[in-house]
Amino acid sequence: MSLTSSGATAPGAYGNSGASGVGPSGSADVAGASAAERPRGLLRSGFGLIGPRHGRHVLSVEQVDSLALPIGDDGVVIGVDAGGGPAVLGLNRPTPYDVVLIGGLWTAQVLALRAAATGARVAVETGRAQAWMQMVHAMGGGQNGMSVHDVGRVPPQGASAGNPVLVVRDCGMRPPRGRVVAGPWQSILTLLPYLSPVAPRLLRQARLVGVQRVSPDEAAEIGRALALPRGDVDSLPTLADGVTLWCADRDRQYVMTQPTDAETGLFGTPRRMD
């Protein structure tokens, strides 16, 4: 087979040009061809394969109104709200973002794992490193964006828009002031198992506060600090495992964190006590 300089098939290369439907110029003579012959002529002339022919997808005006696309905020799905819809927490922000969780280690670990799944690097500052190592090993031994550090030993993380960071401070009831603080694209999640003398200061600094089941006395103190309605204060001592009341300014939302199969394998079922 030989090709001309223009890329067209040389005359006679496939036999008689009249029989093949290709003229001396190399273009298909499809003007007078039948409906069955026209696709073959287009293919031979270099127009490419003819795709499948399907009926058009047409909706009536009434059917268009029934279409819906669930679009929510960008962030980490931390559970479902009271209406059964996804509750999303936007941790990766261009401004400093401090979060305080008065609750259990189980919830903090699920949030950290889900944040890492969205592409954030997670640095854990903790006095109980062994409690986090199973999670680190499951994520590839620290090669997939998660690291564990002793209290006060978290190095600068170099957060950026393309490399957001979540620092989890699991430092007990009296966490010291951290060397690494919230900044652009670097959020801080401080875990408090219960209230302590440092809790009021942390609650004042926080942009978001999550509260799980606490004692009635603690609920009353939290209610005063966050200006919660009486109904929310009364509900805090009765919250089920895995349920968190998230509070930001005047907004409040109860969220049930439901683990995936993989999360259940790593952390077990939801629990408030560690």
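Worth saying up front: this structure is predicted, and the values here are computed from it rather than measured.

Enquirer: Would you mind showing me how to read the side chain of Arg169 here?
Expert: As for its position among the elements, Arg169 is in strand E6 (residues 165–170). Arg169 sits in the buried class, given a relative accessible area of 7%. Beyond its immediate stretch of four places on either side in the chain, Arg169 contacts Glu125, Pro175, Pro176, Arg177, Gly178, Ile188, Leu189, Thr190 and Leu191.

Enquirer: What am I meant to see in the packing of aromatic side chains here?
Expert: Each aromatic ring pair is described using two quantities: the centre-to-centre distance and the angle formed by the ring planes. Scanning the model with the defined rule gives 0 aromatic pairs in all. Against the face of Tyr97 rests Arg93, its NZ or CZ located 3.9 Å from the ring centre.

Enquirer: Please clarify how the nonpolar core should be interpreted in this entry.
Expert: Soluble globular proteins tend to pack their nonpolar side chains together in the buried interior. Ranked by internal contacts, the top residues of the largest apolar core, which has 32 residues, are Ile78, Val122, Trp132, Met135, Met146, Val168 and Trp246. Secondary structure elements with two or more residues in this core: strand E1 (76–80), strand E2 (86–89), strand E3 (97–102), helix H4 (105–117), strand E4 (121–126), helix H5 (130–138), E6 and strand E7 (186–192). A total of 9 residues in this core trace back to one element, the largest contributor, which is H4. Not counting the four nearest positions on each side in its chain, Val122 is found in contact with Ala112, Ala115, Ala116, Gly145, Met146, Ser147, Leu166 and Val168. Listed in part, the 22 residues of the second largest apolar core include Val100, Ala206, Ala219 and Leu245.

Enquirer: Sorry if this is basic, but what is going on with the pairing of strand E9 (residues 243–248) here?
Expert: Regular strands place side chains that alternate from one sheet face to the opposite one. Counting buried positions over the 6 residues of E9 gives 5, a clear majority of the element. Pairing of strand E8 (residues 208–211) with E9 involves 3 bridges; the strand directions are antiparallel. Along E9, the bridge assignment pairs Gly210 with Trp246. Taken together, the 6 bridges between E9 and strand E10 (residues 251–256) define a ladder with antiparallel strand orientation. Bridge pairing in E10 places Trp246 opposite Gln253.

Enquirer: What am I meant to see in the pattern of salt bridges here?
Expert: In a structure, side chains of opposite charge can pair up when their charged atoms sit close to one another. Counted under the stated rule, the structure contains 7 salt bridges. Close ionic contact of Arg230 with Asp234 constitutes a salt bridge, the shortest N to O distance being 3.2 Å. In this pair, Arg230 and Asp234 are both assigned in helix H8 (residues 230–235), 4 residues apart and thus about one turn of the helix distant. Arg230 sits in the exposed class, given a relative accessible area of 60%.

Enquirer: Mind showing me how you'd approach the packing of H4 against H5 here?
Expert: Two quantities define a packed helix pair, namely the angle between the helix axes and the distance between the axes. One way to put it is that H4 packs onto H5 with a least axis distance of 12 Å and a crossing angle of 30°. With respect to each other, H4 and H5 are oriented roughly parallel. Like other packed secondary-structure pairs, H4 and H5 cross with a definite hand, here right-handed. Packed against H4, whose contacting residues are Leu105, Ala108, Gln109, Ala112 and Leu113, the element H5 presents Ala131, Trp132 and Met135 at the interface. Residue composition of the contact of H4 with H5, by class: 7 nonpolar, 1 polar and no charged.

Enquirer: Which parts of the structure should I look at to understand helix H7 (residues 216–226)?
Expert: Residues that lie three or four places apart on an α-helix share one face, since the helix turns once every 3.6 residues. Listed in full, the buried residues belonging to H7 are Glu218, Ala219, Ile222, Gly223 and Leu226. All buried residues of H7 fall inside an arc of 140° around its axis, so they share one side. Opposite the packed face of H7, turned more than 90 degrees from it, sit the exposed residues Asp217 and Arg224. Taken together, the buried residues of H7 touch E3, E8, H8 and E9.

Enquirer: What exactly am I supposed to notice about unusual backbone geometry here?
Expert: Across residues other than glycine, the phi torsion is negative in most instances, and most of the peptide bonds are trans. Backbone geometry at Trp185 places phi at a positive 65°, although glycine is not the residue there. Turning to its location among the elements, Trp185 is positioned in the loop between E6 and E7. Positive phi outside glycine occurs at Ala227, with the angle close to 55°. For Ala227, a relative accessible area of 63% gives the class exposed.

Enquirer: Could you clarify how one ought to interpret H5 in this entry?
Expert: When we look at burial in H5, the residues that qualify are Trp132, Met135 and Val136. The buried residues of H5 occupy an angular sector of 105° when the element is viewed end-on, so they sit on one face. Facing away from the buried side of H5, by more than 90 degrees, are the exposed residues Gln130, His137 and Ala138. In this fold, the buried residues of H5 make contact with H4, E4, strand E5 (146–149), E6 and helix H9 (261–267). Positive phi shows up at Gly140, right after H5, with a value of about 105°.

Cut-offs and rules
- Residues numbered from 1 in each chain as written.
- Predicted model: local features only at pLDDT ≥ 70, side-chain atom pairs only at ≥ 80, totals over all residues.
- Heavy atoms only, no water.
- Helix = DSSP H or I, 4+ residues; strand = E, 2+ residues; numbered from the N terminus.
- Buried < 20%, exposed > 50% of the residue type's maximum accessible area, 1.4 Å probe, protein only.
- Contact = heavy atoms within 4.5 Å.
- Phe/Tyr/Trp six-rings, centres within 6.5 Å; stacked < 30°, edge-to-face > 60°.
- Lys NZ or Arg CZ within 6 Å of the ring centre and 35° of its normal.
- Core = buried A, V, L, I, M, F, W, Y, C linked by side-chain atoms within 4.5 Å.
- Pairing = 2+ DSSP bridges.
- Salt bridge = Lys/Arg side-chain N within 4 Å of Asp/Glu carboxyl O.
- Axes fitted to C-alpha atoms, helices over the stretch in contact; angles between N-to-C directions.
- Parallel < 35°, antiparallel > 145°, perpendicular 65-115°, else oblique.
- Left-handed = near helix turned anticlockwise from the far one by under 90°.
- Nonpolar A, V, L, I, M, F, W, Y, C, P; charged D, E, K, R; others polar.
- Arc of directions from axis to C-beta.

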